[in-house]
Amino acid sequence: MKKVTTISLAGRAYQVDEPAYTAVHSYLEKAKATLANDPDTAEIMADLEQSIGDKCAAALANGKTVVSESEMKNVLEALGPVETGEETTPVDTASEERPTRKLFRIKDGAMLAGVCKGFAVYFNMDVTILRLLFVLSVFITHGAMVIVYIVLAFVLPKADDTEKIAAAYGYEANAQEVAERVRQRVSSQALDGVGRGLTTLWRVLMKIASLVAIAVSVVATIGYGVGLWAIALGRTNFVGSLSQYNGWPQGLAITAAYLSIFIVFVLFARVFDRWSSGRKGTRISDATELSLLAVWVVSLVFAISLVMFVGADFRDYANRHNGYIDFEKGHICVTEICWAESDTCAETTDGDRVKECYQM
Amino acid sequence: MLESEKIDDNFTGLRKGLLEFAVLSTISNSKVYVADVLGRLSKTPFATSEGTLYPLLSRLKREAYVTYEWAESEMGPPRKYYSLTSQGKTRLRQLHEYWHELYKSLELLGGKQ
């Protein structure tokens, strides 16, 4: 069911539904504004109204009595935008269409109380930049800004109805337009001056960050592949008591290490990419996010404990074999009899003893 | 994009400037309704819509090149029935002459490749 309005076009009554009324009303208002300097505005308006009326009558041919939005749109499209020969002064219309914005707290798209969002809308800036500036200012002022934020959260009025939201964004309080704009979000709206520059810079930086994160995850994946391959070929075999770590424990270790790096950077890449494009993006579901987080925590704990266990064993092994750990070269060296066909065997200065070094 | 469409895009200004000429030419022969003007122009590069035509006709009327009378129509309210005034006819002739002059000048300049 739709609400129907009766309008009079050049002295004839037509029934139109609400959206159709809005469309024809805004068309005629725009026409009036364009023709403001024309001496014959009234006459041209009457011509236009009559023409709209005729076309509506034609659209209502078979028994219908109400002009719908789509029919009205067709009619207005056929009529075309009203143009005078003279150049219109865009400055005037722009200032007319965009009343000054007012400062509100805006909950839609807010993180806390909507203070940053309100300021972002007021200055026509990307809200993320404003949040970063705010965080920065908290550090600079040793936390005084937090108090300012709390005060503002109480003092600033909340934009909780369409009229206030319209005032905050600087639109006229036309419910439909506001709904439309809010749907499109501020990010897609043209930002002006400084706001646009900063936003562009921010987006470029975020794009680079996202690409770096992707590169890191790709490198990690390649490293993981190489590692698995090396383990499969038995290139990373330890000797002595450390040989318990050969084979699948090594595979498990690098899998854990790989996952704990890969998941983080993939998520970073996603977040940076979302920020760089300025859109909300397709959020992966909470369930997916939670399970990814769980996998990450498990692999991280696993990787850390493995490093600790194996590290302790390495230390023991080095101690028992009168060896040492050379952090600069990244070597663990032990003095031990050379075991068969190993290329890491070398003669020591003592002659008969050999030193075996493992790359850490 | 087709070649002709490209030309369409590039020469918008040229067409805009010549629209008055085109409209006067359309009205020249007989009395016409706005719908007739739109219909005849629609088949030419000067195709336009009411939004542009009404303001233009009102200016031409103000400059006394065209006039209209109300004519009853079979359906709906009476319509404006446009015709050229004698001034309008003079204006159209001047435009024709000037157009020829422009065309000849361009030919002399060797513009035609």
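Data block above holds the structure.
The shown structure was predicted, so the numbers you read here are calculated from the model rather than taken from an experiment.

Things to note about the overall build of chain A
Summing up its helical and strand segments, chain A has twelve helices and six strands in all. Within chain A, the proportion of its 360 residues that are buried is 34%. Long-range contacts, defined as pairs at least 24 residues apart, comprise 57% of the intrachain contacts of chain A with a sequence gap of at least 6. When the accessible surface of chain A is split by element, carbon and sulfur atoms take 63% of a total near 21,900 Å².

With respect to the interface of chain B and chain A
Every contact between the two is made by 16 residues of chain B and, on the other side, 21 residues of chain A. A buried area of about 1,500 Å², summed over both sides, lies between chain B and chain A, and 46% of it is on carbon and sulfur atoms. One can count six salt bridges joining chain B with chain A. For the salt bridge of Arg62(B) with Asp38(A), the shortest nitrogen-to-oxygen distance reads 3.1 Å. Remark: the boundary between chain B and chain A carries twelve residue pairs in polar contact (both at pLDDT 80 or more). Contributions of two or more residues to the side of chain B that touches chain A are made by helix H4 (50-62) and strand E2 (79-84) of chain B. The biggest single contributor to the side of chain B that touches chain A is H4(B), with seven residues. Partitioned by chemical class, the residues of the side of chain B that touches chain A number six nonpolar, five polar and five charged.

Some details on the packing of aromatic side chains
All names here are of chain A. Counted by the stated rule, this structure contains nine aromatic pairs over all chains. Measuring from ring centre to ring centre gives 4.3 Å for Tyr-224 and Tyr-258, while their planes differ by 5 degrees; the resulting arrangement is stacked. With Tyr-224 in helix H10 (residues 193-232) and Tyr-258 in helix H11 (residues 248-277), this residue pair connects regions lying 34 residues apart in the sequence. As far as the burial class goes, Tyr-224 and Tyr-258 line up, both buried. Between Phe-265 and Phe-268 the ring centres are 6.0 Å apart and the planes differ by 80 degrees, which places this aromatic pair in the edge-to-face class. Of this pair, Phe-265 and Phe-268 both sit in helix H11, three residues apart, roughly one helical turn. Phe-268 sits in the partly exposed class, given a relative accessible area of 40%.

Digging into helix H3 (residues 34-42) of chain B
Residues and elements named next belong to chain B. Among the residues of H3, those classed as buried are Val-34, Val-37, Leu-38 and Leu-41. Viewed end-on, H3 has its buried residues packed into an arc of 95 degrees, placing them on one side of the element. Those residues of H3 that are buried are in contact with helix H2 (12-28), H4 and E2.

Section: the sheet that holds strand E3 (residues 66-67) of chain A
Two orientations exist for strands paired in a sheet by backbone hydrogen bonds: parallel and antiparallel. Residue and element names in this part refer to chain A. Strand order in the open sheet formed by three strands is E1-E2-E3, and the pairing between neighbours is mixed. Two strands bound the open sheet, and with one partner strand each, they are strand E1 (4-9) and E3. For E1 and strand E2 (residues 12-17), the ladder comprises six bridges, and the chain directions are antiparallel. Among the inter-strand pairings, Ser-8 is bridged to a residue of E2, identified as Ala-13.

Digging into the nonpolar core
Counting residues in hydrophobic clusters, the biggest one holds 45 residues, and the most contacted among them are Tyr27(A), Leu48(A), Ile52(A), Met72(A), Val23(B), Ile27(B) and Tyr82(B). Aside from chain neighbours lying at most four places away, what touches Val23(B) is Val37(B), Leu41(B), Leu53(B), Leu56(B), Leu57(B) and Leu60(B). Ala113(A), Val115(A), Cys116(A) and Val127(A) belong to the second largest nonpolar core, which has 17 residues in total.

Thresholds applied
- Residues numbered from 1 in each chain as written.
- Chains lettered and ligands numbered in written order.
- Predicted model: local features only at pLDDT ≥ 70, side-chain atom pairs only at ≥ 80, totals over all residues.
- Heavy atoms only, no water.
- Helix = DSSP H or I, 4+ residues; strand = E, 2+ residues; numbered from the N terminus.
- Buried < 20%, exposed > 50% of the residue type's maximum accessible area, 1.4 Å probe, protein only.
- Contact = heavy atoms within 4.5 Å.
- Areas by Shrake-Rupley, 256 points an atom, 1.4 Å probe, with all protein chains shown as cover.
- Buried area = accessible area lost by both parts, 1.4 Å probe.
- Salt bridge = Lys/Arg side-chain N within 4 Å of Asp/Glu carboxyl O.
- Polar contact = N/O pair within 3.5 Å; in protein donor to acceptor, adjacent residues only side chain to side chain.
- Nonpolar A, V, L, I, M, F, W, Y, C, P; charged D, E, K, R; others polar.
- Phe/Tyr/Trp six-rings, centres within 6.5 Å; stacked < 30°, edge-to-face > 60°.
- Arc of directions from axis to C-beta.
- Pairing = 2+ DSSP bridges.
- Core = buried A, V, L, I, M, F, W, Y, C linked by side-chain atoms within 4.5 Å.

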